[in-house]
Amino acid sequence: MAVSVAGLGRDYLYAKVAASVLGDIRYRMFHHLQRLSMDFYARAKTGDILSRFSGDLSAVEAAMTNALPWGVLPVLDVVANTVL
């Protein structure tokens, strides 16, 4: 029972951190695009810009999903073992 609750808490924490980071990246990208000149938009293809929002952010999300457990779980193991 305790393992299930801990796993649920862990998954919630991962989702919350990933959503927060990705939301911040999206916000910064949007505001950066708002500051670019019209000359940039005359040269850039719409598909390239949309690809950055969808493809690159998807890669960041996948990297965070895979890397977060590798960084957090060892720290939690050390804390749990120290307490025990």
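Here, the structure is the one placed above.
Residues numbered from 1 in each chain as written. Predicted model: local features only at pLDDT ≥ 70, side-chain atom pairs only at ≥ 80, totals over all residues. Heavy atoms only, no water.

### A few points about the overall build of the chain
Here comes step 1: From N to C terminus, the chain includes three helices and zero strands.
Here comes step 2: Reading the helices (α) and strands (β) of the chain from amino to carboxyl end gives α-α-α.
Here comes step 3: Scaling as 2.2 N^0.38, a compact globule of 84 residues should have a C-alpha radius of gyration of about 12 Å, whereas the chain reaches 19 Å, well beyond that.
Here comes step 4: Taken over the C-alpha atoms alone, the chain extends approximately 60 × 20 × 15 Å along its principal axes. (Helix = DSSP H or I, 4+ residues; strand = E, 2+ residues; numbered from the N terminus. Rg over C-alpha atoms; globule rule 2.2 N^0.38 Å.)

### Details of the pattern of salt bridges
Here comes step 1: If you walk through the whole model with that rule in mind, you get three salt bridges.
Here comes step 2: A salt bridge links Arg-28 to Asp-24, with the shortest nitrogen-to-oxygen separation between them at 3.1 Å. With Arg-28 and Asp-24 both in helix α1 (residues 2–35) and four residues apart, the pair spans about one turn of that helix.
Here comes step 3: Of the residues examined, Asp-24 reaches a relative accessible area of 35% and is grouped as partly exposed. (Salt bridge = Lys/Arg side-chain N within 4 Å of Asp/Glu carboxyl O. Buried < 20%, exposed > 50% of the residue type's maximum accessible area, 1.4 Å probe, protein only.)

### Things to note about a nonpolar patch on the surface
Here comes step 1: Among the surface-exposed residues, Leu-13, Val-17 and Val-21 lie close enough to one another that they form a single nonpolar patch of about 200 Å² accessible area.
Here comes step 2: Within the element layout of this structure, Val-17 appears in helix α1.
Here comes step 3: On the basis of relative accessibility, which here comes to 31%, the residue Val-17 falls in the partly exposed class. (Patch = residues over 30% accessible without salt bridge, like charges linked within 9 Å, V, L, I, M, F, W, Y side chains within 5 Å. Areas by Shrake-Rupley, 256 points an atom, 1.4 Å probe, with all protein chains shown as cover.)

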